[in-house]
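# Survey of secondary and tertiary structure
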Amino acid sequence: MTKANNEANVSELETEEEPRIAVFVCHCGHNIAGTVDVEKVAESAKDLPNVVKAEHYMFMCSKTGVKMLQDSIKELGVNRTVVASCSKLQHGRTFAKAIEEVGLNKHKHQQVNVREFCSWVHKNDKEGATQKAIQLVEAGVNRARKLEDVETRKIPTTKAALVIGAGVAGLRAANDLAELGVPVTLIEKNSTIGGHMTQLNKTFPTLECPQCSISPLTNGVANHPLIDLYTLAQVKNVEGSMGNFTVEFEIKPRYVHDNCTSCGECSSVCPIEVPSEWDKGMSMRKAIYKAYPQAIPSTFVRDKQTCIGCNSCINVCPVQAVDFSMKTEKKTVNVGSIVVAAGFNEYDPSEIEPYHYGQDGYDDVITQLQLERMLSPTSITNSEVLRPSDGRIPKNIVMIQCVGSRNDQVGNAYCTGVCCKFAIKNARILKENYPNSNVTICYIDVRTPGLNFEELYKSAQEIGVRFIRGRPSEILRNPLTGELRVIVEDTLSMTPLQLKGDLVVLSAAMVPPEGIGPLGSRLHVLRSKEGFLKEFHIKMNPTLSSKGGIYLAGAIQGPKDISESVAHAGGAAALAAAHLVKGYIEKEMLIPKIDYSLCISCGLCKTVCAPAAIDVDQDRVYSVNEVACKSCGMCMPACPTGAIQLINFSDDQLRDEIIPLSGGEAHCHD
Amino acid sequence: MTSSEVGDFCDPMDAEIKAKIKNLVVFMCNECGQGAANTAGVARMGYDAAIRIVRVQCSGQVGPIQIMDALNNGADAVGVVGCCLGACHFFNGNILSMHRIKLMKKLFKELGYSDQFVNQWTARAAEGETSVGDFEDMVDRLAVAIKNKGTIKDGC
Amino acid sequence: MSDSEQSEEQNREFKTDEDFDPEFFRNIERKSKIFSCIQCGTCTASCESGKWTALKTRNIIRKVCLGDLTVLKDPDIWLCTTCFACWERCPRNIQPTGVIMELRNYATKLGNISPNHRAVVGYLGNTGHAVPINDITKERRKELGLDELPPTLFKYKTEGEGKELENFKEFMFDLPPVKEEKKPKKKEEKK
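So, here's what we can say about the structure. Computed from a predicted model, the values in this text were never measured in an experiment.

Moving on: the overall build of chain C. The secondary structure content of chain C amounts to nine helices and zero strands. The helix and strand sequence of chain C, counted from the amino end, reads α-α-α-α-α-α-α-α-α. Expressed as a percentage of the 191 residues in chain C, the buried residues total 34%. In the form shown here, chain C has an accessible surface area of approximately 12100 Å², with 53% of it arising from carbon and sulfur atoms.

So, in structure tokens, the structure goes:
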């Protein structure tokens, strides 16, 4: 299959310098010499083609040993070295550095492991171990023969960053980056910044006001000289790689200019009313509106879909800020890092049929976020919790946990990990505000890890919140009275119950945000099976995505609460800033080469490449992105013609290594 | 990875069979594969001297060319060791490798050879004993295959 | 209730590991993944029978997970109507109805089949029908101009080559006899 390729490679090599290889076999005291006959191995290496020196020595890693290596290069013109000793991890770098000191490219060293892979594991078979060592050395020499120089390149980076999403994680990341002197472009797809945190009434465990907590950050970011904020903006195209991305994003028109004074006149005369998305449907907004009073930016926004074009707002605006002719803008920025902080969505429980969320007659079944909206200071209900069906204060409130979480059937198998905390927080607030009402939480397990959370649970129990261990099977509605009943078994006392639910609150899961599919594919990052963006390593690198230069901040990487999101974002910002502040990326160019005489532009290499390091242009010419490439070599077997070969790991070079290890007798003739 | 043939018992130490198992090429990935082999070495665990390890960047780098190079030039069997599921340093190289080896096994079977001449295992860098077990597994499977169908040289 | 039965086993004493045998139900576990039950209680809350009877589906599953063999003596497992509501709603995709049906098979082998179910098996054996025909239905049939007995196995039970019903009865419907003592009898025939 690749004979033609081989010939091309071999002839290529013949025009280069003649390989002169030095082989050193280490005794490593008794570790190797005790099992392997090192003299015999060194002797056998002398006869191999291109070997100009083959010796054995007691400790190659010692100063003397290293000097032997270096002397062979200086005195004998050796241009490739082979040391048969311990593992590559142990001393491969020692020898590579040693040869670099005397002017040879450090990739011209081949480490052969005759200790961990041979002498230490074949203690009872000295003959077999020696025979194997001879083959291993021959394989190493074959490999060394065709090694090429690999340069380490310093790639300058663009000192700028893009942060996608202006929730609490995105704001924190943007702020931290800007404080390090990195100019930040912050884009947010909604009309206001602050994300879900601004929708909350109080945050656990201290029951602080989230608007107050986040306000310094939102204002800081909005006014920071190094941060450019764009709302109603979404990423359209991403090109380039770590250190040098070119990102194109689209800004939808607000239809209101920045000189808007936020007086609200336009809203008051607008005839159109629709349910407010920000208020989770608990109140109405006009077609020209501001999501909530403290929103940043404070400029109003017009919803073109519902606007009927009566122009009342234009007529009444005292500063003529309303302008229906505004158009979609496109902007392109060059950045060195991208931080994705796109957040999450609340799970839509309509999928769970027995709970009847969103169905006619079941208006009193709401989610926790909707409850937060009612409780919050600027709510339409004046912070009272009222039944959506008739506006009365509910006497019996039942909360249902694990809606859409821990559910293999419908929803997601994972535990969100935040719902127990916020349900208990809300239950406590409800019981404090309405001491005469009955507040019940139906749970499977109560999960409140971390400082202060078990205490929160205990305080909720003490104040009289009832905890029933049982997952409700359904919510029944009396068709005559409209009364809702929650059917649950109290597993701890083995009693089936029918709980009256004047208001039923579902603790819905945290799921990936809308639009993450297209965004993820534009960024070429991998997603986990639940739909969140996949981190590079769950333990050691939770803020790096699968692609270098793109970092994950906050709930986009997996459900987390505010403290975790902020910490996560700080970590992402630090990683993102590193190569920007340094000014360059230092990378070894261990990348594949493409032989265009063989390439048929099938694109299979690009399909297989996980870090998306293979680019294609309009003429269907494929090329390797040097910065993004992770040197894994997966592109090689995918290529039907063998056109793409990883440097120093080509099919040809691997064959040279494989042949002596296989026994060396070809018995199938092609 | 199951074989219709495994389930027979065959003593790989049987002299006649042992004489036929001389060169077993195992491709081990740079991360977990090499790590496991190193761990096994450091712990001085013993295994058959017929095993020869080739370091590759990722188990996903090992393709039909490498496998056939080994088998065509005297190897008695080939093994590919990648990182355990979820741990691939390059995300899905180990999964690609699994699928590829599975296809190759089917191909071997179609051609009338035993499907035990190529096998795939996963490794964890700190678990040397698992890899040593896999090496022994390789020898056992090959012994059964040789007993039932002969070596790859015989079938050529 | 099973509790009163257990009182004879001195329920004031602690139970120990020897009182449980989870491996006994390994076959059930293999098919239904029953060990992943989190005891959430959705099955009991959904149970149509449990609303009116003592059947606590979740508790039955608990006993299976623990390997508590007294579940095979529990009369409650015969109260399940196999409506499959629990199967549909279980968040861990376990199949409680399937487990209960298996438990019934095990219990029957030990002679613990409930009298109602035994009666139904009796009808099946004697007439070839789980719900045999009665006089009112026979009258109705005559009024409509049909034969009194529909052309099923019951009508032809004395005809046919090998007297089919008799054959079936012998090898299909031989239940272990009604349990007299407390100790479970060894099964003699296959169900």
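After that view of the structure, there is still more to cover.
This part covers the pairing of strand β1 (residues 24-29) of chain B. All names here are of chain B. β1 sits mainly inside the fold: six of its six residues count as buried. One ladder, built from six bridges, connects β1 with strand β2 (residues 51-56); its direction is parallel. Looking at the pairing, L24 lines up with I51 of β2. With helix α2 (residues 32-42) bridging β1 and the parallel β2, this β-α-β connection has right-handed handedness. Relative to strand β3 (residues 77-83), β1 is paired through five bridges, and the arrangement is parallel. Along β3, the bridge assignment pairs V25 with V78.

Residues and elements named next belong to chain C. Taken together, F84, W87 and M101 make up a surface patch of nonpolar side chains, about 250 Å² in accessible area. Note on placement: M101 falls in helix α6 (residues 96-109). Accessibility expressed as a relative area gives 35% for M101, which makes it partly exposed.

Attention shifts here to the interface of chain A and chain B. Facing 51 residues of chain A, the contacting portion of chain B comprises 46 residues. With both chains or domains summed, chain A and chain B bury close to 4200 Å², and 61% of this area falls on carbon and sulfur atoms. Counting across the interface, chain A meets chain B through one salt bridge. Between B:D69 and A:R655 there is a salt bridge whose closest N-O contact spans 2.9 Å.

Moving on: the interface of chain A and chain C. Taken together, the contacts link 18 residues of chain A with 19 residues of chain C. Summed over both partners, the interface of chain A with chain C buries about 1600 Å², with 45% contributed by carbon and sulfur atoms. On the surface where chain A and chain C come into contact, there are two salt bridges. Across the pair C:R89 and A:E474 runs a salt bridge, and its minimum N-O distance is 3.5 Å. Remark: the boundary between chain A and chain C carries 15 residue pairs in polar contact (both at pLDDT 80 or more). It is strand β23 (residues 484-490) of chain A that provides the largest number of residues to the side of chain A that touches chain C, a total of three residues.

Moving on, we get to the packing of aromatic side chains. Residue and element names in this part refer to chain A. One pass over the full model with this rule turns up 14 aromatic pairs over all chains. Relative to F453, the ring of F204 lies with its centre 5.2 Å away and its plane at 80°, an arrangement referred to as edge-to-face. Note that F204 is positioned in the loop between β7 (184-188) and α9 (210-223) and F453 in helix α14 (residues 453-463), a separation of 249 residues in sequence. Classification of F204 by relative accessible area gives buried; the value is 15%. With centroids separated by 4.1 Å and ring planes inclined at 15°, the aromatic side chains of W278 and Y292 adopt a geometry described as stacked. Of the two residues, W278 sits in the loop between β11 (273-275) and β12 (284-286) while Y292 sits in the loop between β13 (288-289) and β14 (301-302), which places them 14 residues apart along the sequence. Summarising the burial analysis for this pair, W278 and Y292 share the class buried. Taken together, the ring pairs in this structure connect Y443, Y457 and F467 into an aromatic cluster. R285 extends its terminal NZ or CZ atom over the ring of Y289, reaching a point 4.2 Å from the ring centre. Directly above the ring of F453 sits K421, whose terminal nitrogen or CZ lies 4.0 Å from the centroid.

Conventions we followed
- Sequence order as written defines the numbering, with residues in each chain counted from 1.
- Written order determines the labels here, with chains lettered from A and ligands numbered from 1.
- Reporting of local features is limited, given that this is a predicted model, to residues whose pLDDT is at least 70; pairs of side-chain atoms are given and counted only at 80 or more, and all residues count toward the totals for whole chains, interfaces and linings.
- Only heavy atoms go into the side-chain values, all of them from the structure, while hydrogens and water stay out.
- For helices the rule is a DSSP run of H or I covering at least 4 residues; for strands it is a run of E covering at least 2, with both sets numbered from the N terminus onward.
- The buried label goes to any residue with under 20% of its type's maximum accessible area, the exposed label to any with over 50%, and the partly exposed label to all in between, with areas taken from a 1.4 Å probe on protein chains only.
- For every accessible area listed, the method is Shrake-Rupley and the probe measures 1.4 Å; residues are considered covered only by the protein chains on display.
- Between any two strands, at least two bridges found by DSSP are needed for them to pair.
- Place the viewer so that the strands point away; then a crossover is right-handed whenever the path from the first strand over the helix to the second strand goes clockwise.
- Grouping into patches uses exposed residues only, defined as over 30% relative accessible area, and leaves out salt-bridged ones; the cut-off is 9 Å for like charges and 5 Å for nonpolar side chains (Val, Leu, Ile, Met, Phe, Trp, Tyr).
- For this document, the term salt bridge refers to a Lys or Arg side-chain nitrogen within 4 Å of an Asp or Glu carboxyl oxygen.
- Whether two residues are in contact is decided by their heavy atoms, any of which lying within 4.5 Å being enough.
- Here the buried area means the combined drop in accessible surface, using a 1.4 Å probe, for two parts upon being joined, counting both sides.
- Whenever two N or O atoms come within 3.5 Å, that pair is a polar contact, provided that in protein one can donate a hydrogen and the other can accept it, and provided that, for residues adjacent in sequence, both atoms are side-chain atoms.
- Paired rings are identified among Phe, Tyr and Trp, the last through its six-membered ring, by centres lying within 6.5 Å, and are further divided according to the angle between planes into stacked (under 30 degrees), edge-to-face (over 60) and tilted (the rest).
- Distance and angle both matter: a charge sits over a ring if NZ of Lys or CZ of Arg is within 6 Å of the ring centre and within 35 degrees of the ring normal.

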